[in-house]
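Here is how the chains run, residue by residue.
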Amino acid sequence: MKKTLYTTFIFILPILGFCQQVHDQTKIVVDYIFTLPSSDQHSAAKTQVNTQLLIGSTSSLYRAEPKAKSGQSKIEQNNGGTELKFKSNMPNIQQYLRNYDPQKKDLVGSVLVKPYYWEQDKTTLKWEILKEKQLIAGYNCTKAKMFSERSQKYFLAWFTADIPFPTGPSNAGGLPGLILKFESEDKTLGWEAVKVSKPNETNKIVWFDKDVQKTTKADFDRAMEAYRKDPQLIINQMNIKGTVSGLKVQ
């Protein structure tokens, strides 16, 4: 069984070097707090993650770079060898590059022991713009609502026409203005902007790093399933020595 899982992991994530980078000049930087339910089924607490959206003239890049927290990982000595015990409750998607051009595909980057990316067709969101208003991060916002077929949930968004870019956190977008707040109607998860600012030297480029391994969403999902069944096997087989790509382990 373990050999099967390892073989699945190795061969369904093909190594396709791709040295090109996609980049655009950043015009605006938006910091969001992403709130999601705790992984502890017996806890009513929620997890909060700092995320960021870089907005350019032709594209935007949403990124979440969660770091392992104390208690999420540890090094153990077993039978003279070293094993990394690692557990993460963070969302899988770390990068989402949206091209405003409807003819171009979007790019999604994620980490499963190593970083991968894949191309994705545009997500079509059928919005209903409502009359309600709300002030968020100092901007006047208008409420909108849509139904997600994938999650079978209604989602609410507050967007501002003062920042006329059709984008938002994660894969939310398609409204006549930047989405500053996006949440499920049942309040189980959501994003809210806490700061809108100009770029600095560290984020002046909307940069999607494609110097990683290319795959497909279907192959990545199958590999993720294998990892969930036996994560320690995958980590040990990949010879991880204290570092999981994309997450620094203390």
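Everything in this summary refers to the structure shown in the same document. It should be emphasised that the depicted structure is a prediction, and the values quoted were computed from it without experimental measurement.

Attention now goes to the overall build of the chain. Of regular secondary structure, the chain possesses 3 helices and 17 strands. Considering only residue pairs separated by 6 or more positions, the chain has 61% of its internal contacts joining residues 24 or more positions apart. Taken as a whole, the chain presents about 14100 Å² of accessible surface, with 50% of it coming from carbon and sulfur.

Formed by 41 residues in total, the largest nonpolar core has its most connected members in Val 30 and Phe 182. Not counting the four nearest positions on each side in its chain, Phe 182 is found in contact with Trp 127, Met 146, Phe 155, Leu 156, Ala 157, Pro 169, Ala 172, Gly 190 and Trp 191. If you look at the next biggest cluster of nonpolar residues, it comprises 9 residues, including Leu 107, Tyr 117, Val 206 and Val 212.

By the definition in use, this model includes 9 salt bridges. Among the salt bridges present, the one from Glu 183 reaches Lys 187, with a minimum N-O distance of 2.6 Å. Owing to a relative accessible area of 46%, Lys 187 belongs among the partly exposed residues under this scheme. Residue Glu 201 is joined to Lys 204 by a salt bridge in which the shortest nitrogen-to-oxygen separation is 3.2 Å. By relative accessible area, which is 64% here, Glu 201 ends up exposed. The class of Lys 204 is partly exposed, set by a relative accessible area of 38%.

The next thing to look at is the pairing of strand β10 (residues 139-148). In this structure, strand β9 (residues 128-136) lies alongside β10, joined through 6 bridges in antiparallel fashion. Each residue of the ladder has a partner; that of Leu 135, found in β10, is Asn 140. Connecting β9 to the next strand, β10, in antiparallel fashion are 2 residues, including Ala 137 with a positive phi near 55°. Pairing between β10 and strand β11 (residues 153-160): 7 bridges, direction antiparallel. For Ala 144, the partnering residue across the bridge sits in β11 and is Ala 157.

Attention now moves to the pairing of β11. The element β11 is extensively covered by neighbouring structure, given that 6 of its 8 residues are classed as buried. Between β10 and β11, which pair antiparallel one after the other, the connecting turn spans 4 residues, and Gln 152 there sits at a positive phi close to 55°. Across 6 bridges, the pairing between β11 and strand β12 (residues 178-184) is antiparallel. Looking across to β12, one finds that Trp 158 is bridged to Lys 181.

So, on to the side chain of Thr 35. Topologically, Thr 35 is positioned in strand β1 (residues 22-37). Its relative accessible area of 18% is what places Thr 35 among the buried residues. A polar contact is formed between the side chain of Thr 35 and the side chain of Gln 48, at a distance of 3.4 Å. Thr 35 has contacts with Lys 46, Thr 47, Gln 48, Thr 188, Leu 189 and Gly 190, leaving out every residue within four places of it along the chain.

Pairs of aromatic rings are described using the distance from one ring centre to the other and the angle between the two planes. Considering all chains together, one arrives at 8 aromatic pairs under this definition. An aromatic cluster is defined as three or more aromatic residues linked by ring pairs; in this entry it consists of Phe 34, Trp 127, Phe 155, Phe 182 and Trp 191. Sitting over the face of the ring of Tyr 154, Lys 145 holds its NZ or CZ atom 4.7 Å from the ring centroid. A cation over an aromatic ring shows up here: Lys 181 above the ring of Trp 158, its NZ or CZ 4.9 Å from the ring centre.

Relative to the elements of secondary structure, Lys 214 occurs in strand β15 (residues 213-214). By relative accessible area, which is 22% here, Lys 214 ends up partly exposed. In this structure, the C-alpha to C-alpha distance between Lys 214 and Trp 118, residues 96 residues apart in sequence, is 5.8 Å.

To continue, consider helix α2 (residues 217-229). Between its first and last C-alpha atoms α2 spans 19 Å; for 13 residues at 1.5 Å apiece the expected length is 18 Å, and the two agree. Listing the buried residues of α2 in full gives Asp 219, Phe 220, Ala 223, Met 224, Ala 226 and Tyr 227. Buried residues of α2 fall within an arc of 160° about the axis and therefore sit on the same side. α2 presents Arg 228 and Lys 229 as exposed residues on the side facing more than 90 degrees away from its buried surface.

Residue position: Pro 169 is located in the loop between β11 and β12. With relative accessibility at 0%, the residue Pro 169 sits in the buried group. Counting along the chain gives 107 residues from Pro 169 to Tyr 62, while the straight-line C-alpha distance between them is 6.0 Å. Once residues within four sequence positions are removed from consideration, Pro 169 is found in contact with Tyr 32, Leu 53, Tyr 62, Ile 179, Phe 182 and Trp 191.

Cut-offs and rules
- Residues numbered from 1 in each chain as written.
- Predicted model: local features only at pLDDT ≥ 70, side-chain atom pairs only at ≥ 80, totals over all residues.
- Heavy atoms only, no water.
- Helix = DSSP H or I, 4+ residues; strand = E, 2+ residues; numbered from the N terminus.
- Contact = heavy atoms within 4.5 Å.
- Areas by Shrake-Rupley, 256 points an atom, 1.4 Å probe, with all protein chains shown as cover.
- Core = buried A, V, L, I, M, F, W, Y, C linked by side-chain atoms within 4.5 Å.
- Buried < 20%, exposed > 50% of the residue type's maximum accessible area, 1.4 Å probe, protein only.
- Salt bridge = Lys/Arg side-chain N within 4 Å of Asp/Glu carboxyl O.
- Pairing = 2+ DSSP bridges.
- Polar contact = N/O pair within 3.5 Å; in protein donor to acceptor, adjacent residues only side chain to side chain.
- Phe/Tyr/Trp six-rings, centres within 6.5 Å; stacked < 30°, edge-to-face > 60°.
- Lys NZ or Arg CZ within 6 Å of the ring centre and 35° of its normal.
- Expected span 1.5 Å × (residues − 1).
- Arc of directions from axis to C-beta.

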